[in-house]
Amino acid sequence: QVQFVESGGGLVQPGGSLRLSCATSKNFFSSYGMGWYRQAPGKERELVASITSGSGGGTHYVDSVQGRFTISRDNTKKTVNLQMNNLKPEDTAVYYCNLDPPLRTTWGQGTQVTVSS
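Residues numbered from 1 in each chain as written. Predicted model: local features only at pLDDT ≥ 70, side-chain atom pairs only at ≥ 80, totals over all residues. Heavy atoms only, no water.

1. Comments concerning the nonpolar core
Counting residues in each nonpolar core, the largest one holds 27 residues, and the members touching the most others are W36, F69, I71, V80, L82, M84 and Y95. Among the secondary structure elements, those contributing two or more residues to this core are strand 3 (18-24), strand 4 (34-39), strand 5 (46-51), strand 7 (69-74), strand 8 (79-84), strand 9 (93-99) and strand 10 (111-115). In terms of residue count, strand 9 provides more of this core than any other element does, four residues in total. Once residues lying within four places of it in the same chain are set aside, the contact partners of F69 are R38, Y61, L82, Q83, M84, N85, L87, D91 and Y95. (Core = buried A, V, L, I, M, F, W, Y, C linked by side-chain atoms within 4.5 Å. Buried < 20%, exposed > 50% of the residue type's maximum accessible area, 1.4 Å probe, protein only. Helix = DSSP H or I, 4+ residues; strand = E, 2+ residues; numbered from the N terminus. Contact = heavy atoms within 4.5 Å.)

2. As for the packing of aromatic side chains
Enumeration over the complete set of coordinates arrives at two aromatic pairs. When the ring of Y37 is compared with that of W107, the centres are 5.2 Å apart and the planes differ by 90°; the resulting orientation is edge-to-face. With a gap of 70 residues between them, Y37 in strand 4 and W107 in the loop between strand 9 and strand 10 connect regions that are remote in the sequence. Seen from their ring centres, Y96 and W107 are 5.8 Å apart, and the 80° between their planes marks the pair as edge-to-face. Taken together, the positions of Y96 in strand 9 and W107 in the loop between strand 9 and strand 10 put the pair eleven residues apart, joining distant regions of the chain. By relative accessible area, Y96 is classed as buried at 11%. By relative accessible area, W107 is classed as partly exposed at 26%. (Phe/Tyr/Trp six-rings, centres within 6.5 Å; stacked < 30°, edge-to-face > 60°.)

3. Regarding the sheet that holds strand 2 (residues 10-12)
If you trace the six strands from one edge of the open sheet to the other, you get 2-10-9-4-5-6, paired in mixed fashion. The two strands at the open ends of the sheet, each matched to only one other strand, are strand 2 and strand 6 (59-61). Sheet twist, expressed as the mean angle between neighbouring strand axes with direction ignored, is 25°. Taken together, the three bridges between strand 5 and strand 6 define a ladder with antiparallel strand orientation. The partner of S50 across the bridge, within strand 6, is H60. (Pairing = 2+ DSSP bridges. Axes fitted to C-alpha atoms, helices over the stretch in contact; angles between N-to-C directions.)

4. Observations regarding the state of the cysteines
Under the definition given, this model contains one disulfide. Here C22 pairs with C97 through a disulfide, and the sulfurs are 1.7 Å apart. Here C97 lies in strand 9 and C22 lies in strand 3, a separation of 75 residues in the sequence. One exposure class covers both C22 and C97, and it is buried. (Disulfide = S-S within 2.5 Å.)

Have a look at this one:
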């Protein structure tokens, strides 16, 4: 069964940075688009960044993170990363990685990101 293991979250002040990493056991990893999702308390899970299959030449970001977040992938290591800069309190959420579109019955434990002074 496919697994996703997210790491790198933490508590950071507004304006700070974090780098999230996700390792997956997905076979043929390079053949799939990947995404980072987040779920804030009381809100639905949303896709915040995605990267195309292969070399990952195509990326897409939700408007609220455009210009602040950067998604990347390493097909050799089967990892996908999310560099988050200039973090804001509204970025506080549990962050998950999954395929894009996601395997809806398969989610990792996520990693908590809290932006607060």
